Amino acid sequence: MTNRLIRLFIKEHENITDPTVRERYGRVSSLVGILCNILLFGAKMLIGILAHSIAITADAVNNLSDAGSSVITLIGFKLSAKPADKEHPYGHARIEYITGFIISIIILLLSFELIRSSVEKIIHPEPILFSAVTVAVLALAILAKLWLGLFYRKMGRIIQSTALGAASADCLNDVLATGAVLAAALFAGLTGIQIDGYMGLAVALFILFSGIGLIRKTLSPLLGEAPDEELVRRIEEKLKSYDGVIGFHDLVIHNYGPDRCFATVHLEVPAERDILESHHIIDAIEKDFSTEMNIQMVIHMDPVVTGDEQLDRLKAVVDGIVKDIDPELSMHDFRAVLGKQHVKLIFEVTVPPSFKADNEELINRIRQAIQRYNPQYESVITLDRNYISSTHKDDLRREEVGQ
């Protein structure tokens, strides 16, 4: 059914990188969610009032909030599809993350109100009027929410949407919550024991913890989370595939929303090669990333001296010293000034986020280790913080040096 809805209502549905097509996916998903949740709210609220069940009424209000969340998602997709402007040169795609965060806040606030209502029902219990209609409505609601959750999940995965992912998780949580309400109704009908307030409290607590989890998940991309490991691997493999590239480092990836990826990297090229030829290669690489991976890549060219046996030997020594301190450290931009009495070694070290020592402490450790190896070696060290936790920046160049 999901595929049929996509074909019927989403024009050019295969072109998911187009902001307009993404907005259509979001619009269809939101409208389906609004319709489904309003129908569920009406049915559950009627049954809840007739049966005097706070748990069913709470579940109905939860469906109403889900309908409101779908409205927010609809607005978010519409706004996120707006093109870049003077005030927002990177576009508005992060609005989609904001809508997911707002949905999470609504879920959290709803849980507090349901906790209050459930506690009152525990203190002042009322008998539930059990009927086959109550069971039938709740059972149909479970099936409807299960389908809606799977629908959101599929649509969200197609366009890599955080907002639809949050909506899917909320729907599948609702399946469990409504199942608990149905269990309370059946238990009361069979035994006469009223556990409606306790089930309502359990549903409310479940919604509370779900909301907290969704807040963490939707807030992370707004704060600036680490890039996806698979994306980093694909970028690095692609950089290694070009002739004329002997290494790279300082890869930084910025996400400004779904399909709004910007990246910068320092690319190492042979110093002896004609600069215009190297520049032509870099231009081609930037264009390839834009057309093939939809990544706006900016490349800084680093000329590297190759074929100098003494420089390669010094570089291997220093690289070994750095790796002995921590295998996650990597070295690049190595140069040497050879004097009669002293040799000055100039290089940069990339430090992963997990490394706890402060900059001065690390520099002193490296400098002292180099001087223990040879007192004539002086070092000038610059530290770079690695924002992607990748440890094989110089693998390509090290492989060539070792050949």
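Residues numbered from 1 in each chain as written. Predicted model: local features only at pLDDT ≥ 70, side-chain atom pairs only at ≥ 80, totals over all residues. Heavy atoms only, no water.

### A word on the overall build of the chain
Secondary structure summary: the chain contains 12 helices and 6 strands in total. The C-alpha atoms of the chain give a radius of gyration of 29 Å, which is well past the 22 Å a tight globule of 403 residues would have. Each principal axis of the C-alpha distribution contributes one length, and for the chain these read about 95 × 50 × 40 Å. A buried classification covers 47% of the 403 residues belonging to the chain. Taking contacts inside the chain between residues at least 6 apart in sequence as the whole, the part at least 24 apart equals 69%. As displayed, the chain offers around 20,200 Å² of accessible surface, 60% of which is attributable to carbon and sulfur atoms. Here the chain contributes 40 positive and 51 negative side-chain charges, whose respective centroids are spaced 5 Å apart. (Helix = DSSP H or I, 4+ residues; strand = E, 2+ residues; numbered from the N terminus. Rg over C-alpha atoms; globule rule 2.2 N^0.38 Å. Buried < 20%, exposed > 50% of the residue type's maximum accessible area, 1.4 Å probe, protein only. Contact = heavy atoms within 4.5 Å. Areas by Shrake-Rupley, 256 points an atom, 1.4 Å probe, with all protein chains shown as cover. Lys, Arg positive; Asp, Glu negative; His and termini not counted. Charge placed at Lys NZ, Arg CZ, Asp CG, Glu CD.)

### So, the nonpolar core
L345, F347 and I366 are the most contacted members of the largest nonpolar core, which totals 25 residues. Among the secondary structure elements, those contributing two or more residues to this core are α10 (309-325), β4 (330-338), β5 (343-351), α11 (359-373) and β6 (377-385). Once residues lying within four places of it in the same chain are set aside, the contact partners of L345 are L314, V318, F334, R335, A336, I370, Y377, E378, S379 and V380. Membership of the second largest hydrophobic core comes to 24 residues, among which are A58, L138, A177 and A204. (Core = buried A, V, L, I, M, F, W, Y, C linked by side-chain atoms within 4.5 Å.)

### Some details on the sheet that holds β5
Strands sit in the order β4-β5-β6 across an open sheet of 3 strands; the sheet is mixed. Looking at which strands have only one partner, the edges of the open sheet turn out to be β4 and β6. Strand-to-strand, the axes of this sheet are offset by a mean angle of 15°, without reference to chain direction. Relative to β6, β5 runs parallel, the two being bridged by 9 bridges. Along β6, the bridge assignment pairs E348 with T382. (Pairing = 2+ DSSP bridges. Axes fitted to C-alpha atoms, helices over the stretch in contact; angles between N-to-C directions.)

### Re the pairing of strand β3 (residues 295-304)
Here strand β2 (residues 261-270) runs beside β3; their pairing, made up of 10 bridges, is parallel. Pairing of C261 across the sheet is with I295, part of β3. Regarding the hand of the β-α-β motif, the stretch spanning β2, helix α9 (residues 275-293) and β3 is right-handed. (Right-handed = clockwise from strand over helix to strand, strands pointing away.)

### With respect to the environment of S29
Position of S29 among the secondary structure elements: in helix α2 (residues 19-51). Separated by 21 residues in the primary sequence, S29 and L50 have C-alpha atoms spaced 32 Å apart. In this structure S29 touches F151, Y152, M155 and L164, once residues within four positions along its chain are discounted.

So yeah, pure geometry; function would need other evidence.
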